[in-house]
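What follows is the residue order along each chain.
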2 protein chains.
Amino acid sequence: MPTCEDGFFEYLSSIDCSDVEVYAIPEGSVVFPKVPLMIIEGPVAVIQLLETPFLSLVNYASLVTTNAARHRLVAGKSKNLLEFGLRRAQGPDGGISASRYCYMGGFDATSNVAAGRLFGIPIRGTHSHAFVSSFMGLDDIIDRTLASSDGSNKCEDFVSLVENWLARIKDGSLHGTFGETNLSELAAFTSYALAFPNSFLALVDTYDVMRSGVPNFCAVALALNDMGYKAAGIRLDSGDLAYLSIETRKFFHAIEEEFGFVGFGKMNITASNDLNEETIDALNKQGHEVDAFGIGTYLVTCYAQAALGCVFKLVEINKQPRIKLSEDVTKVSIPCKKRCYRLYGKEGYPLVDIMTGEDEPAPKVGERLLCRHPFNESKRAYVVPQHVEELLKCYWPGNSAKSREELPSINEIRSRCMAYLDRMRPDHMRRLNPTPYKVSVSAKLYDFIHFLWLNEAPVGELQ
Amino acid sequence: MPTCEDGFFEYLSSIDCSDVEVYAIPEGSVVFPKVPLMIIEGPVAVIQLLETPFLSLVNYASLVTTNAARHRLVAGKSKNLLEFGLRRAQGPDGGISASRYCYMGGFDATSNVAAGRLFGIPIRGTHSHAFVSSFMGLDDIIDRTLASSDGSNKCEDFVSLVENWLARIKDGSLHGTFGETNLSELAAFTSYALAFPNSFLALVDTYDVMRSGVPNFCAVALALNDMGYKAAGIRLDSGDLAYLSIETRKFFHAIEEEFGFVGFGKMNITASNDLNEETIDALNKQGHEVDAFGIGTYLVTCYAQAALGCVFKLVEINKQPRIKLSEDVTKVSIPCKKRCYRLYGKEGYPLVDIMTGEDEPAPKVGERLLCRHPFNESKRAYVVPQHVEELLKCYWPGNSAKSREELPSINEIRSRCMAYLDRMRPDHMRRLNPTPYKVSVSAKLYDFIHFLWLNEAPVGELQ
């Protein structure tokens, strides 16, 4: 039984977005609940078809960017943040989105090579545990030669050079801190260094970090140094990351001192293994020596809050305002096509966002303005803005003569995101009991919302 | 600076999966931790390239299917389960995966039309709140005619027919339970019924469920009945779903009685609004009259556990077993290429899964077999299986002469999933304190694991 007429499909094939206008807050902006992220205008049937695509494109993107920014805030600006989430995202394409939006939110790089290629995101990663365990011993290495960094000489047996360094470490001041290291691990590290002498970053926890992985790494790094190469560092992927990073740092400093290797103590330590905001915060409190965090699962699945509840509301049709009521006041929509502004105070911080009716005059710098909570009568305040920013820009003018904002590059979006977060008043950003940022409506819009509410709601039914 | 040699890219362009063999537990099977979901054999460099794609394809798929199955278990077999998650998934493609795997896990339908088209999943949905609020009043309806279901007659003014029914309801025994309903809502329902007289399912909570939405729905449903059509039901999307569904059911029964409309009391009630396992369980305990649940956010984001931690481990290379040690015993890998079996008991329930070395004889029906916990020496039990099922099948034989299992259809996978869940012993499936299902290794494999462990681990470092 057909569920609709052929004419409907003909209609669908005839429509396009030439009569649609799309306004949006620029990507990378800091935004708050109730302020529309986008305003879509046009024929209602066309707009209705856009509801799910827009929500599907905006919800996860905003959520994971926010999650990335939260991880950046807790890790601090000096740390390298690497997104390692591809295998835990919602399939390959969920992973591509994750890599893209984590970068926008302030991550430095991704292990997702496809995302790097598509969007120009820097790529970082290490070898896998399976790479280490695929080696049986040093005999697995066939080609043992390594040319020096400047091409001036060639080491015919780099494996022996590594073995010599391992013996020197073992016999020196670090004597007794480790015994026989795992030689299949040493083979894997040596093989990796032979292939990538400029980017030797070793995963050191396949067998035992302090008794095998770190000494093996140091032997290879010292041998690379003989040939003019600088090792990139280590990655810890299990165990007590605070303790292991501190012990590893001590080991590196001991190598620096013992062999007069200036800078070895500052060797990069990357940590991974189910990291999230809480574990990084705990590491910070405890003290650690980690330079870079590789974050996957908790980042891309937004484990702490796995969904963002953006919705799509009809607020005006044929110049008539529309309102969606609900027994839950947070679900009541704010009617009418609106203009939205961010008002900044003397110290340069954003003070409040305000929504006005479309035809109201824009807030003016230096002029006192009443900002009202949209639903709570008693919450209101006068604000004298020092700077006024209109939030929504036109990104799709359709056939109208309006000018279209250029779409920024991913790096511009990332810079905007970090700059906007920097500009927030610190008490809005603190982890514990942050001050809520206020979102308000103009006095005129307030009165209109409450007039409509009274007229649409059946008497005696609202809370 | 180039990070690798041209020869590497030449190598990449030369490889394919003809030397790879892939074994997997059939999709839709019930599986347990430690038993490999897939076994991949082939040249190590090629296999290594498959790690992330396979994990990305398996992790979320398995997680969301499991989550769907959990929702089915708590909702019961008699309820219709509708997946409504597209707008909260990880972008459009995350949403497509979600729809597909939720169906496999036991959902009945999706609101994702693209997934319906791609995979043949039944499509269900209702109109939106925006559709209701896009109407101003009954004057918005231009074409008021409706042909009867059998084509024998035509109603010239279906709107008046609806208005008459609304007046009859208001004046009858339900007098006083509601006053003036919202006429823009009535217009939306009437318009929807005119377009889809065979599938009129109304979202009744835009203004007020009991004082507007339900009476308006009943008026339209009664008018449709006059024309030979059967309304499909209502959807509740906010408020106290237990209370509202019970009150709505009473209203429907009152209509049945008042107007002698046999079956009206059984009209379908769909509920949605941030539903999950917990809320459905609470509704069950409280009592409700919901026939179908529409579940989105919590389902597709797997909010209760947003990631599945499947990993990829090298277990054998060049006939040599490999083991990955860890201070966390749950992260120690089980070495060697293995065969995996499920052993069933007399009552038809699965008793235990057992992994053996590749060359060990398969467990035999009626023969006593020692099953050992892979790591805990004291946990062991003899089992006499009544039925033995080998778990992994060959789905990609590469160039080998092995036969390839056919890929089942989505409906076959769904049926397998539901049948396998049905076959589980109830104490493994209960919500509170379920009995853990046991996963074991053969005595021979146990000894081998522990031999390797002792030989690979640096002395004195394991917990």
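Overview of the structure. Being a predicted model, the structure only gives us computed values, none of them experimental.

With respect to the interface of chain B and chain A
Part 1 of the reasoning: Contacts between chain B and chain A engage 64 residues on the former and 64 residues on the latter.
Part 2 of the reasoning: A buried area of about 5,700 Å², summed over both sides, lies between chain B and chain A, and 53% of it is on carbon and sulfur atoms.
Part 3 of the reasoning: There are two salt bridges connecting chain B and chain A.
Part 4 of the reasoning: Its salt-bridge partner being Arg87 of chain B, residue Glu51 of chain A comes within 2.9 Å of it at the nearest N-O pair.
Part 5 of the reasoning: Remark: the boundary between chain B and chain A carries 19 residue pairs in polar contact (both at pLDDT 80 or more).
Part 6 of the reasoning: Mapped onto the side of chain B that touches chain A, the elements with two or more residues apiece are helix H2 (44-75), helix H3 (91-104), helix H5 (129-133) and helix H11 (297-300) of chain B.
Part 7 of the reasoning: Here the side of chain B that touches chain A is composed, by residue class, of 28 nonpolar, 22 polar and 14 charged.

Examining helix H9 (residues 241-259) of chain B
Since one α-helical turn is 3.6 residues long, residues separated by three or four positions face the same way.
Residues and elements named next belong to chain B.
Part 1 of the reasoning: Its 19 residues place the ends of H9 26 Å apart at the C-alpha level, agreeing with the 27 Å of an ideal helix rising 1.5 Å per residue.
Part 2 of the reasoning: Of all the positions in H9, only Leu241, Ala242, Leu244, Ser245, Thr248, Arg249, Phe251, Phe252, Ile255 and Phe259 are classed as buried.
Part 3 of the reasoning: In this structure, the buried residues of H9 make contact with helix H6 (158-171), helix H8 (209-226), strand E8 (233-236), strand E9 (269-271) and helix H10 (277-286).
Part 4 of the reasoning: A distance of 3.1 Å separates the backbone nitrogen of Ala242 from a side-chain oxygen at the start of H9, and that oxygen is part of Asp240.
Part 5 of the reasoning: Note on H9: the residue one or two positions beyond its end, Gly260, has a positive phi of about 55°.

A few points about the side chain of Arg72 of chain B
All names here are of chain B.
Part 1 of the reasoning: The topology assignment puts Arg72 in helix H2.
Part 2 of the reasoning: A residue is classified by how much of its surface remains accessible, and Arg72, at 8% relative accessible area, is buried.
Part 3 of the reasoning: Apart from the residues lying within four places of it in its own chain, the contact partners of Arg72 are Lys77, Lys79, Leu81, Gly105, Gly106, Phe107, Asp108 and Met418.

Regarding the packing of H6 of chain B against H9 of chain B
Residues and elements named next belong to chain B.
Part 1 of the reasoning: The contact between H6 and H9 brings their axes to 11 Å, and the two run at 95°. Accordingly, the angle class assigned to the pair H6 and H9 is roughly perpendicular. Of the residues in H9, those touching H6 at Trp165, Arg168 and Ile169 are Phe251, Ile255 and Phe259.
Part 2 of the reasoning: Class assignment of the residues belonging to the contact of H6 with H9 gives a composition of five nonpolar, no polar and one charged.

Quick word on the environment of Phe189 of chain B
Residues and elements named next belong to chain B.
Part 1 of the reasoning: With respect to the helices and strands, the residue Phe189 is situated in helix H7 (residues 183-195).
Part 2 of the reasoning: Taking the C-alpha atoms as reference, Phe189 lies 7.5 Å from Asn216; in sequence the two are 27 residues apart.
Part 3 of the reasoning: Once residues within four sequence positions are removed from consideration, Phe189 is found in contact with His127, Val132, Phe200, Ala202, Leu203, Val204, Gly213, Asn216, Phe217 and Val220.

Reading the values: rules and limits
Residues numbered from 1 in each chain as written. Chains lettered and ligands numbered in written order. Predicted model: local features only at pLDDT ≥ 70, side-chain atom pairs only at ≥ 80, totals over all residues. Heavy atoms only, no water. Contact = heavy atoms within 4.5 Å. Buried area = accessible area lost by both parts, 1.4 Å probe. Salt bridge = Lys/Arg side-chain N within 4 Å of Asp/Glu carboxyl O. Polar contact = N/O pair within 3.5 Å; in protein donor to acceptor, adjacent residues only side chain to side chain. Helix = DSSP H or I, 4+ residues; strand = E, 2+ residues; numbered from the N terminus. Nonpolar A, V, L, I, M, F, W, Y, C, P; charged D, E, K, R; others polar. Expected span 1.5 Å × (residues − 1). Buried < 20%, exposed > 50% of the residue type's maximum accessible area, 1.4 Å probe, protein only. Axes fitted to C-alpha atoms, helices over the stretch in contact; angles between N-to-C directions. Parallel < 35°, antiparallel > 145°, perpendicular 65-115°, else oblique.

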